[in-house]
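Tertiary structure, described
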Amino acid sequence: MKISRSFLFFAVFTVILGYLGCTQQPVSLSTPQPDLNSETKPQKTYEDLIVGFAQLGAESEWRVANTVSIKETAEQLGVELRFLDAQQKQDNQIEAVRKLIIQKVDIIGISPIVETGWEEVFQEAKDAGIPIILVDRRATVPEDLYISYLGSDFLEEGRKSARIMAELVNGKANIVELVGTIDSAPANDRYIGFREVLKDYPEMQIIDSQSGDFTRARGKEVMAVFLRNYGNKITAVYAHNDDMALGAIEAIEEYGLNPGVDIKIVSVDAARGAFEAMIAGKLNATVECNPLLGPQFFELALKVVNGLPTPKWVPSIEGIFFPEDASKILPTRKY
Ligand code: GYE
């Protein structure tokens, strides 16, 4: 009696569960239910995307190539791009992000000019439901304020520069350093990475280190001051980018020394100007930093908008180039 009653209860319960769709059995319900599975949600395509990009400026050959890559890729993919140029001022760049928030773009890409001071405006974007991708430069903000960072390993670029420099000068040099924009991610990390390796070379000393703001004009000015202060004592230049190295080359020539010979020079970026200088024997090496980030950026943006998982850091692939290969490689360079 007891058994048959519990059996009855079990049977009724199973039927109710089945009706509610809670069992593994396929149950057909008369009213169609909304499909909550994200995989079957309509996915956005590149043509549906409105992407905002807050570029920091046009300070270098690298940056110009980076901007071209972003604009060209948007056009090729059919993405609607709202591109704003902050002309090297953080305030302008913060304003640009605010404008893009008001315009309700789907996603914002930004190359933060400096590392600090972004929390407030990134929080505003988050509150408005607009995801942020850091492109090329990182910002020191809590990880929940951006989706992904797409760009280079600047620390490693600094280390590579020091290793090459050590070979060029046989472990003995008086180095002057042309630092990039103060407080920018690449300047901070190229500074630290270089010193990490230099610890192993007690006879390689950095005798002075000043910012040339990543521009050719400032690089030349600062190098001229270094030469006035230290003259022939300088045996090597470490420039955080090619533009500053090219400026330094001019200053060294005007001072009456041979760049690349009397003073060894290593820089970062591997832009066309650097290849030309290597062919002319005035630059000794350039460490690649890839600005052609357009394709990876939009691929990432589409994934984010479609709710797909993305890595916190998407690193770019980079090499090192020397004068002996420069003329062969130059025609293949896109920047
Ligand atoms: O090396 C420099 C540019 O952020 C990696 O910015 C970029 C740097 C690049 O001005 O030339």
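Moving on, we get to the site of the ligand. Every one of the 13 residues lining the ligand counts as a neighbour, but E59, D136, R137, N241 and D269 are closest to it. S60 is positioned such that a nitrogen or oxygen atom in its side chain is 3.0 Å from an oxygen atom of the ligand. Within the contact set of the ligand, an oxygen atom lies 2.7 Å away from a side-chain nitrogen or oxygen of R137. Protein contact buries 100% of the 300 Å² of open area that the ligand shows by itself. Mapped by element, the contributors of at least two residues to the shell around the ligand are α2 (61–77) and α6 (185–198). Tallied by class, residues from the shell around the ligand come to 5 nonpolar, 2 polar and 6 charged.

The end-to-end C-alpha separation of α2 is 24 Å, in line with the 24 Å expected for 17 residues at 1.5 Å each. Inspection of α2 places W62, R63, A65, N66, T67, S69, I70, T73 and A74 among the buried residues, and these make up the whole buried set. In the segment just after α2, G78 is the residue with positive phi, at about 80°.

The strand order across the open sheet built from 6 strands is β2-β1-β3-β4-β5-β11, with neighbouring strands paired in parallel fashion. On the outer flanks of this sheet lie β2 (80–85) and β11 (313–315), each paired with one strand and no other. Across the sheet, the mean angle separating the axes of adjacent strands is 20° when strand polarity is ignored. Pairing geometry for strand β5 (residues 148–151) and β11, over 3 bridges, is parallel. Its bridge partner being in β11, G151 is matched across the sheet by P315. Across the face of the sheet, helix α3 (residues 90–102) comes into contact with β1 (50–55), β2 and β3 (107–110) while running at roughly 170° to β1.

On to the environment of N258. Mapped onto the secondary structure, N258 falls in the loop between α8 (242–255) and β9 (264–269). Each C-alpha atom, one on N258 and one on K282, is 7.4 Å from the other, the two residues being 24 residues apart in sequence. The residues contacting N258, other than those within four sequence positions of it, are I252 and I263.

What counts as what
- Residues numbered from 1 in each chain as written.
- Predicted model: local features only at pLDDT ≥ 70, side-chain atom pairs only at ≥ 80, totals over all residues.
- Heavy atoms only, no water.
- Near = heavy atom within 4 Å.
- Polar contact = N/O pair within 3.5 Å; in protein donor to acceptor, adjacent residues only side chain to side chain.
- Areas by Shrake-Rupley, 256 points an atom, 1.4 Å probe, with all protein chains shown as cover.
- Helix = DSSP H or I, 4+ residues; strand = E, 2+ residues; numbered from the N terminus.
- Nonpolar A, V, L, I, M, F, W, Y, C, P; charged D, E, K, R; others polar.
- Expected span 1.5 Å × (residues − 1).
- Buried < 20%, exposed > 50% of the residue type's maximum accessible area, 1.4 Å probe, protein only.
- Pairing = 2+ DSSP bridges.
- Axes fitted to C-alpha atoms, helices over the stretch in contact; angles between N-to-C directions.
- Contact = heavy atoms within 4.5 Å.

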